[in-house]
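Results of the structural survey
Letter by letter, the chains look like this.
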Amino acid sequence: MFKGWWHVRPEEERQQWVLEPFTAVGPLRFGMDAEEVTQALRGVTEDVEHRTWSGGRGNNTWRPSEGRCREFGLHLYYQDGRLSGVAVDALCGP
């Protein structure tokens, strides 16, 4: 449910995640494929990851390039189908 552009989720309602530089953000580990990310997020949010796919016409290989969980405040970046970056929304993210 959209609560406004500048709605700030109170601290007590946020998931508390730990950053492990170059390794993990909360339950997400860099190098996970999209299905592993989905499984990891199922345990912490009901917000569905909406993915953007990239690929070529000739090779028929489609890989996720970005993922978003808007309500939960995550923007996920994939490289070669593997999680390579996570941006957390300071207003509503964990």
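Only a predicted model underlies this, so the values are computations on that prediction, with no experimental measurement involved. (Residues numbered from 1 in each chain as written. Predicted model: local features only at pLDDT ≥ 70, side-chain atom pairs only at ≥ 80, totals over all residues. Heavy atoms only, no water.)

What follows covers the pairing of strand β7 (residues 82-88). Residues in a regular strand point their side chains to alternate faces of the sheet. Sheet analysis places strand β6 (residues 74-79) next to β7, joined by six bridges and oriented antiparallel. Pairing of Tyr78 across the sheet is with Leu83, part of β7. A loop of two residues connects β6 with β7, the two strands running antiparallel in sequence, and Asp80 in this loop sits at a positive phi of about 55 degrees. (Pairing = 2+ DSSP bridges. Helix = DSSP H or I, 4+ residues; strand = E, 2+ residues; numbered from the N terminus.)

With antiparallel pairing, the three strands of this open sheet are ordered in space as β1-β2-β3. Edge strands, defined here as strands with exactly one partner in the open sheet, are β1 (19-20) and β3 (28-29).

Right, let's get into the pattern of salt bridges. Within the structure shown, the criterion is met by four salt bridges. A salt bridge links Glu20 to Arg29; its shortest N-O distance comes to 4.0 Å. (Salt bridge = Lys/Arg side-chain N within 4 Å of Asp/Glu carboxyl O.)

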